[in-house]
Amino acid sequence: MLQLRNLSLRRGPRLLLEGADLTVHPGQKLGLVGPNGCGKSSLFALIRGELHVDTGDLSVPATWEIAHVAQQTPSGDQPAIEFVMDGDRELREVQGGIAAAEAADDGLRQAALHAKLESIGGYTAESRAGRLLHGLGFAAGDERRAVDSYSGGWRMRLALGRALMCRSDLLLLDEPTNHLDLDAVIWLEAWLKAYPGTLVLISHDRDFLDAVATHICHIEHGRTNAYAGNYSAFERQRAERLAQQQAAFVSQQREIAHMHSFVERFRAKATKARQAQSRIKALERMELIAPAHIDSPFRFAFRPPQRLPHPLLHLDKAAAGYGGRAIFNGVRLTLSPGDRIGLLGPNGAGKSTLIKVLAGELSLLSGQWEGAEYLRTGYFAQHQMDQLRPDDSPLRHLQRLEPQATEQELRDYLGGFAFVGDRAMEPVAPLSGGEKARLALALLIRQRPNLLLLDEPTNHLDLDMRQALAEALQDYEGALVLVSHDRHLLRVTTDELLLVDGGGVAPFDGSIDDYPAWLVARQAEADAGAPVAGGGAAAAAGGEPMARKDQRRQEAEHRRRTQPLRTKLQALDRRLTTLTERRTELEQALSAADLYEPAAKVRLLGLLEDKRLVDEELGVVEGDWLDLSEALENLQEGCA
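Residues numbered from 1 in each chain as written. Predicted model: local features only at pLDDT ≥ 70, side-chain atom pairs only at ≥ 80, totals over all residues. Heavy atoms only, no water.

## What to know about the pattern of salt bridges
All chains considered together, the criterion is met by 33 salt bridges. Between aspartate 207 and arginine 491 there is a salt bridge whose closest N-O contact spans 2.7 Å. Pair noted here: aspartate 207 is in helix α8 (residues 206-212) and arginine 491 is in helix α18 (residues 487-493), with a separation of 284 residues, a long-range link. You'll find aspartate 207 and arginine 491 in the same group, each marked buried. In this structure, the salt-bridge partner of glutamate 402 is arginine 303, at a minimum N-O distance of 3.3 Å. Taken together, the residues span a long stretch of sequence, with glutamate 402 in the loop between α14 (394-401) and α15 (407-415) and arginine 303 in the loop between α11 (274-289) and β10 (313-322) at a distance of 99 residues. Under the relative-accessibility criterion, glutamate 402 is labelled buried at 11%. Taking the relative accessible area as the measure of exposure, arginine 303 reaches 30% and is therefore partly exposed. (Salt bridge = Lys/Arg side-chain N within 4 Å of Asp/Glu carboxyl O. Helix = DSSP H or I, 4+ residues; strand = E, 2+ residues; numbered from the N terminus. Buried < 20%, exposed > 50% of the residue type's maximum accessible area, 1.4 Å probe, protein only.)

Shown next as structure tokens:
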């Protein structure tokens, strides 16, 4: 097991951890949470042996294979799939040994190494790497492209794939969803739920933590506090602990009343649309979890826009893209005050392109863009952080925006974004990614936009800041268009979802919770070429009908030949889900401290035997699933 005992850790003059205790049992999936700068990433560096404890002990089994995502962006002309396969260190060692034995004409050594290669799944390693790349959003045929041919964000996906390729005992993931779109996040979530090793995960995505984590460790004031259950369970338990303090209890009641007003106000005007109803439920949940965030350092609000023209903006038969090639066309969209729209769609379908068009940063190839006379757009994307002046302070940035405002007024405003005291006067250059994102949002909000366009605003933001942004958006009076892989933010701030897919934009017939099922259906129907229910974007874009009769005949034959394999795979998927849930239940039961008392020995032995049997069957089912997946993949390639 991984164990911290009375551990203290310093980074320079800062004491990050003091007297920290933590035990992580094999197979547990631990979410590591806490404000930015509390020591989460430093703890990872400590586990990897890159830092050393100041006092106390850190124990990691010597035989454990540890995988993590390298912090530096990968580079080189190596093919992407080969780079990912390098993550399996033992595989590469065996392959190197085989090459050396062949050069030495050592037949016995070759036979032994080929047997070893078989035992570690070496003959299916390339297929495994290909599935990882596909799950992370890489298109078929791109796996042989050089690493250097990809942008920085895609290279970080390759680094993540390389870590997942390792057959590790302990997997350390630090904000793995930062460079992923929603489709890839959903895939990674499912992959990690089935991961058989021990996982320690740093993430500020509440839905992701809820789905993956079986335990939570909260770092606060240098101490580690462990909680059984997922992130939602942690919030409930922490709220109960805080409520025991009288001052905290008073603040909690005030925050509950504040959130309750959001729920009732929105309930009165909500439509019957699935996403609008989903938002009511999400706001009710925010009311319940608000008490766990009363000690958040973030307090800010959107001031009412100076003008609210109706409509704010209109697109008519709009087509946009790059290099003369349209990514979408025929788009009609009208935005008015009070509209709250979330954009969904596969990677590369045009969500960010549509946001840029709405922001006026990308000209249309054809069609019309009509903005109101008093349109005032607030546009947030990752490149906004690059436009901050590194030598200027947060206060100086605000003073340039509002030279007439007093210094104290601007300092008070920055304090709501945790730029307090001297932090408001320090240069921007050394700020972390999360601090720069907070400052960029602070500058945007201060300008009182009546159209708010947010493209992945939560990257680098911690959970408290995400919660504060979600609350602030409830009072926003203008129109909102949001692209985010944070499903909680989409759920609590948007009333309508638009699907960007197949060259068009159309309403999504469902809530954000229906989107994973749409992705599965889209993949299942991809070979048949049939439209996926719930979208309709391709039809809205004027997509062409199916081509020739013989093509339809071939596709029908292909479906007939692959149907038995797909049916078996679905059955195995269901069994994997059942076994994984049962293993999680057993792991939670085994984490109870009283189970290790002498009086509970019989129950402990029974639970351990149950877990052994579940793990054994899980291994067999996973093996069958991989074999069938490969067989289906080969059959599909043969039919192509």
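Next, the rest of the story.
## Section: the environment of valine 481
Mapped onto the fold, valine 481 is located in strand β16 (residues 479-483). Counting along the chain gives 26 residues from valine 481 to aspartate 455, while the straight-line C-alpha distance between them is 8.4 Å. If we skip the residues at most four places from it in the chain, valine 481 touches Leu335, Ile341, Leu343, Ile355, Leu358, Leu452, Leu453 and Leu454. (Contact = heavy atoms within 4.5 Å.)

## A look at unusual backbone geometry
The peptide bond linking histidine 310 to proline 311 adopts the cis configuration, its omega dihedral lying at -5°. You can see proline 311 is positioned in the loop between α11 and β10. Of note in the backbone geometry, glutamate 175 takes a positive phi value of approximately 50° without being a glycine. Relative to the elements of secondary structure, glutamate 175 occurs in the loop between β6 (170-174) and α7 (182-194). Among the residues examined, glutamate 175 registers a relative accessible area of 12% and is labelled buried.

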